[in-house]
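Read off the chains here:
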Protein chains: 2
Amino acid sequence: MTSTPSMASSSLSAPEKLSIKRQVFHGTFVHCKTLTDLEILHDTYMFVDEHGVIVKILSGDGTGDARDLREDVGELGWDADVDDEREIFEYVGSSKDEHGEHGEERFFFPGFIEKEKKKKITNPINKLLDTHIHAPQYPNSGLFGSSTLLNWLNTYTFPLEASLSALPKARAIYSHVIQRTLSHGTTTAAYYATIHVESTNLLAGLCLQKGQRALVGRCCMDSDSGANLDYYRDDNPTQSLERTKECISHCENIDPDRRLITPILTPRFAPSCTPQLMGSLGKIAREKDLPIQTHISENRSEIQWVKELFPECNSYTDVYDKYSCLTPKTILAHAVHIGEDEAALIRERGSGIAHCPVSNSALTSGMARVRWMIDRGLNVGLGTDVSGGFSASVLAAAREASCVSRCVAAGIGASENTNGKERDTLSVPEVLYLATRGGAKVVGMEDKIGGFEVGKVWDAQLIGLGKPLMHRKEGEWEGQEETHEVEVSQTGPVDIFGWENWDEKVAKWVFNGDDRNTMKVWVNGRLVHQRRN
Amino acid sequence: MTSTPSMASSSLSAPEKLSIKRQVFHGTFVHCKTLTDLEILHDTYMFVDEHGVIVKILSGDGTGDARDLREDVGELGWDADVDDEREIFEYVGSSKDEHGEHGEERFFFPGFIEKEKKKKITNPINKLLDTHIHAPQYPNSGLFGSSTLLNWLNTYTFPLEASLSALPKARAIYSHVIQRTLSHGTTTAAYYATIHVESTNLLAGLCLQKGQRALVGRCCMDSDSGANLDYYRDDNPTQSLERTKECISHCENIDPDRRLITPILTPRFAPSCTPQLMGSLGKIAREKDLPIQTHISENRSEIQWVKELFPECNSYTDVYDKYSCLTPKTILAHAVHIGEDEAALIRERGSGIAHCPVSNSALTSGMARVRWMIDRGLNVGLGTDVSGGFSASVLAAAREASCVSRCVAAGIGASENTNGKERDTLSVPEVLYLATRGGAKVVGMEDKIGGFEVGKVWDAQLIGLGKPLMHRKEGEWEGQEETHEVEVSQTGPVDIFGWENWDEKVAKWVFNGDDRNTMKVWVNGRLVHQRRN
């Protein structure tokens, strides 16, 4: 059975991209079972069917020897002659190289069909979710000067977004954002587009074409409060709603089953929306079972402004609640400064938080208290918030989430104020949980994605950490000095020396890994990115 | 004239590494003139003599056309037939490609001799200095769990350092650290080694061999306060001093003029040293005009402990002052929690601060107030503090310095405490200043390195930011969608779209750049790293 996206273009005409074969993945699998429990499964087989769904998980016999899979696939009703139908990453744990020399730790991932052996430590980890990213802002990554939210919007953001009414520009930028985020291992992204119908629809089409799972939202911004620029806003609530419906229809046309693309209602943030618009969007969300995304409590001046704009509301959170936008499928970005009452209300409504630590640091917004949120039962995922955040990598967001949590824990260094507590620090398993299963909950897809289990779809990436640098010889660790210069030129900055355990390998990936370690990426079982060289 | 390091090994037998030719560099140069002033020189020529010293700087005629250099080199007394003697990076700013098509911004850096043209945006920026890095801890990069300073030392750090008594292990690790840091553009590093004489000497020799400017210090730690482990310490002050002298002698033997290698006195930190040892080290420092490096005020528990261990001293800073270790050539790492009196004392003594933001975040130490330090006239440079810091990249440290300064500016997000001020934020020029000229002052080499001026040595890196992704066609910006997949696989995460000005290009490099952008690195005029592929 072949799945062909309706908008497939010539650039994706290669058959391996358009068809999904039944696949068996073999190797070490890492995923988060719970917030604190990182499960590492060695010598394991995952069977993924032609719909991209994991249908069976088996353990090997522990020797690392290849298992004869004919019986296993037979039980699944798959053709027993599987060689032509599958792709297998063979994992062989060995303390010897192929010549039996060196007591070096080695892991092989040969392509099963080609029987080729690669000297790489590789392990698939389940997919990363970006719960908050502004696709049109991508060209501004790293550009923010010393601005903070409100002047950043007017200086850097709105002019760029407005220029994406030009479709050739939008096409080039959006194509690149999707490729970039896929290369960083982002299998699902909650995208803000611009106010433009056509280029928003283009973004949705490109995500489908390139195979990235996406929530795509046209930015709704109809207020004349001063939050929107005259040249970049919807004229009124009715127009904003009509434009939004056009985008929803487009998504329904190109992907009626929401296999990859889900339209998302996107009131930009309270100051840029009228109550009437927010109310209408909330109504559509309920009628069509659609998610909502917006920003909340990012910056102190913004909060003060919201208070002035909506004097009838008790809090920033209460604005969204009063105007029907707080649902179990609402993604609230930032929430840096929310109070106890707001956390309780968000919890009650079941909405989720997109924690965007890189952006919050860059725009001087403050440090969100993630442990505090988790303690209050809130669902939290990670967002890059490009281009408030300068990096499109969810891994970089996970790293910064860890760093920021430790700054929260330390209290502000400048003073004797130590209101942080040691348990405010987020561990490696915890930041990976936020990046995967936590994010899945926030985007309302926890039944489908977020971990490796039977019934979930195969959204995954293959991580390679390179060859160990050292080996044990007669009880002493040695390395091959002469090869290092070439190696540091060709590999990413993660260095495995040979004595690390798997928890340590994962930690090294979290803290020094980059897109060079993301060797392959699959969504719905389909290979959507493969690292060259 | 050829400079041959006395410890050159077979691995560096290639003649181009051992000899320095007279060189002319042509292109765009970026450096920090002052803390806030990033100077960007286009179409400029720098002439570097056979000692690696910049002897002449010229501006081109602004057209980007290659200048006839025969007269210029003649004035320097160089052979007018220079083709065989120099390497020139030719910079050509052009709005057309070689076929005259596309209104695309382009910069060429052909090798002058080979006349080959490369489609790269490249600009040399002056060298990065790492004012604080523990070479032996490198294999632990990214491994720190939820530990803080004092338990981190015992759990992760001392066992690894102790194991570097084994020379094969030390050789492999140190070789790799040097290659890695060079690949990140670190031309000067202030290294802590271990307590072992032989492997410390090995580190010094390897730095000389691989051509990295380094301050190399044997860790002095003789106290039985509990700060040192029984199996990893000097037995007494006398032994510690003797071992230290052995290391100094070795450095004096292999590089008598301190062209690259400077021994540095390294009392680890106050809790691990006796007053007698600190006093003796301070004395040697003065006698031999040697620098000192140590840690200060990193973590609140540590500060409390210092207070208990040295009740006779007024502050942590006062410990070092009382025991002769606070000199104009002292590098104090961290200084997260120092008070007004301490800042005044450090200022008075002329010592410098190695700000290590990645480490301070990772180890939950707190956030150093860099603006506050600068306001008090302190010299501040950047340190990676590997492996308290998880990244060996000074660029990553600059990025985190920026982020942390913005968290300081925002005050802690968790509370109403807003004791941060907007001016606490560090700008792009400022963090680059800390990484270059600031660091040069901290290591006492401001006359020699830190900027591009006649009389300074050529310690530099060539930064490449790739080809712009878009071009202007009939007034509209367009990109080549189909090429993106390959491009994102092969380039670093910095994306230049084509419309950025130079300040923006530099900002993009600071926030998203990595070792893939560091194409070449020179120290003392010698090419010491070149990126493959």
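Analysis parameters
- Residues numbered from 1 in each chain as written.
- Chains lettered and ligands numbered in written order.
- Predicted model: local features only at pLDDT ≥ 70, side-chain atom pairs only at ≥ 80, totals over all residues.
- Heavy atoms only, no water.
- Helix = DSSP H or I, 4+ residues; strand = E, 2+ residues; numbered from the N terminus.
- Buried < 20%, exposed > 50% of the residue type's maximum accessible area, 1.4 Å probe, protein only.
- Contact = heavy atoms within 4.5 Å.
- Areas by Shrake-Rupley, 256 points an atom, 1.4 Å probe, with all protein chains shown as cover.
- Axes fitted to C-alpha atoms, helices over the stretch in contact; angles between N-to-C directions.
- Parallel < 35°, antiparallel > 145°, perpendicular 65-115°, else oblique.
- Left-handed = near helix turned anticlockwise from the far one by under 90°.
- Nonpolar A, V, L, I, M, F, W, Y, C, P; charged D, E, K, R; others polar.
- Pairing = 2+ DSSP bridges.
- Least-squares fit on C-alpha atoms with pLDDT ≥ 70 in both.
- Buried area = accessible area lost by both parts, 1.4 Å probe.
- Salt bridge = Lys/Arg side-chain N within 4 Å of Asp/Glu carboxyl O.
- Polar contact = N/O pair within 3.5 Å; in protein donor to acceptor, adjacent residues only side chain to side chain.
- Expected span 1.5 Å × (residues − 1).
- Arc of directions from axis to C-beta.
- Domains from an automatic or database assignment.

Draft legend 1. Representation of the overall build of chain A. For chain A, the helix and strand inventory stands at 16 helices and 21 strands. Within chain A, buried positions represent 66% of all 533 residues. Put simply, of all contacts in chain A between residues at least 6 apart along the chain, 69% involve residues at least 24 apart. When the accessible area of chain A is evaluated, it comes to approximately 17,600 Å², of which 47% is carbon and sulfur surface.

Draft legend 2. Molecular detail of the packing of helix H6 (residues 237-254) of chain B against helix H7 (residues 275-288) of chain B. Residue and element names in this part refer to chain B. Their axes nearest at 9 Å, the elements H6 and H7 cross at an angle of 25°. It follows that H6 is roughly parallel to H7 by the angle criterion. Read as a crossing pair, H6 and H7 show a hand that is right-handed. For the pair formed by H6 and H7, the contact residues are Pro237, Ser240, Leu241, Thr244, Lys245, Ile248 and Glu252 on the first element and Gln276, Leu277, Ser280, Leu281, Ile284 and Lys288 on the second. In terms of residue class, the contact of H6 with H7 is built from 6 nonpolar, 4 polar and 3 charged.

Draft legend 3. Broad picture of the sheet that holds strand S13 (residues 292-296) of chain A. Residue and element names in this part refer to chain A. With parallel pairing, the 4 strands of this open sheet are ordered in space as S13-S14-S15-S16. The outermost strands of the open sheet, each flanked by one partner alone, are S13 and strand S16 (379-382). When strand polarity is set aside, the average angle formed by the axes of neighbouring strands in this sheet is 30°. Pairing of strand S15 (residues 352-355) with S16, which is carried by 4 bridges, proceeds in the parallel orientation. Looking across to S16, one finds that His355 is bridged to Leu382. Along the sheet, helix H14 (residues 428-442) makes contact with strand S14 (330-334), S15 and S16, crossing S16 at roughly 115°.

Draft legend 4. Structural detail: the relation of the copies chain B and chain A. Take chain B, turn it by 180°, move it 0.0 Å along the axis, and it overlays chain A with an RMSD of 0.0 Å. Here the symmetry operator amounts to a two-fold rotation axis. Of all interface residues in chain B, 100% are interface residues in chain A too; the two copies therefore contact each other through one and the same surface.

Draft legend 5. Highlighting the interface of chain B and chain A. Listed as interface residues are 91 residues of chain B and, on the opposing side, 92 residues of chain A. Between chain B and chain A, the buried area comes to about 7,800 Å², and carbon and sulfur atoms account for 56% of it. At the boundary of chain B and chain A, one finds 6 salt bridges. Residues Asp515 of chain B and Arg516 of chain A are paired through a salt bridge, measuring 2.8 Å at the closest nitrogen-oxygen approach. Linking chain B with chain A are 23 residue pairs in polar contact (both at pLDDT 80 or more). Of all elements in the fold, only helix H4 (167-183), helix H5 (197-210), helix H11 (357-362), helix H13 (394-410), strand S19 (476-479), helix H15 (484-490), helix H16 (502-512) and strand S21 (526-530) of chain B reach the threshold of two or more residues within the side of chain B that touches chain A.

Draft legend 6. Geometry of helix H6 (residues 237-254) of chain A. Residues and elements named next belong to chain A. Its 18 residues give H6 an end-to-end C-alpha distance of 26 Å, which sits within 8% of 26 Å, the value for a rise of 1.5 Å per residue. Pro237, Ser240, Leu241, Thr244, Cys247, Ile248, Cys251 and Ile254 are the residues of H6 that are buried. Projection of H6 onto a plane perpendicular to its axis shows the buried side chains occupying an angular sector of 160°, all on one side. Check the buried side of H6 and you find it contacts helix H5 (197-210), strand S10 (219-220), strand S11 (261-263) and helix H7 (275-288). By the N-cap criterion, in which a side-chain oxygen at the helix start approaches the backbone nitrogen of a residue two or three places on, H6 is capped by Asn236, the distance to Thr238 being 3.1 Å.

Draft legend 7. Up close: the sheet that holds strand S15 (residues 352-355) of chain B. Residues and elements named next belong to chain B. Read from one edge to the other, the open sheet built from 4 strands follows the order S13-S14-S15-S16, with strand pairing classed as parallel. With partners counted over all chains shown, the strands left at the sheet margins are strand S13 (292-296) and strand S16 (379-382), one partner each. Across this sheet, the average inter-strand angle for adjacent strands is 30°, counted without regard to direction. Most of the contacts of helix H14 (residues 428-442) go to S16, to which it runs at about 115°, and overall it touches strand S14 (330-334), S15 and S16.

Draft legend 8. Representation of the pairing of strand S3 (residues 54-59) of chain A within the structure. The pairing of strand S2 (residues 38-48) of chain A with S3 of chain A spans 5 bridges and is classified as antiparallel. In the sheet register, Phe47 of chain A faces S3 of chain A, and the bridge partner there is Lys56 of chain A.

Draft legend 9. Just the pattern of salt bridges, in detail. For the structure on display, the rule yields 46 salt bridges over all chains. One network of salt bridges, in which partners are shared, links Asp514, Asp515, Arg516 and Arg531 of chain A together with Asp514, Asp515, Arg516 and Arg531 of chain B.

Draft legend 10. Quick look at the domain arrangement of chain A. All names here are of chain A. Partitioning chain A into domains gives domain 1 (23-111 + 454-530) and domain 2 (130-399 + 434-442). Counting residues at the interface gives 24 residues for domain 1 and 19 residues for domain 2. Interface area, domain 1 with domain 2, both sides summed: about 1,800 Å², of which 50% is carbon and sulfur. The interface formed by domain 1 and domain 2 contains 1 salt bridge.

Draft legend 11. Inspection of the side chain of His184 of chain A at higher detail. Residues and elements named next belong to chain A. Following the sequence through the fold, His184 ends up in the loop between helix H4 (167-183) and strand S8 (186-192). In this structure His184 comes out as buried when scored by relative accessible area, which is 9%. Those residues within four positions of His184 in sequence are excluded, and the remaining contacts are Leu128, Ala392, Ser393, Gln461, Asp515 and Thr518.

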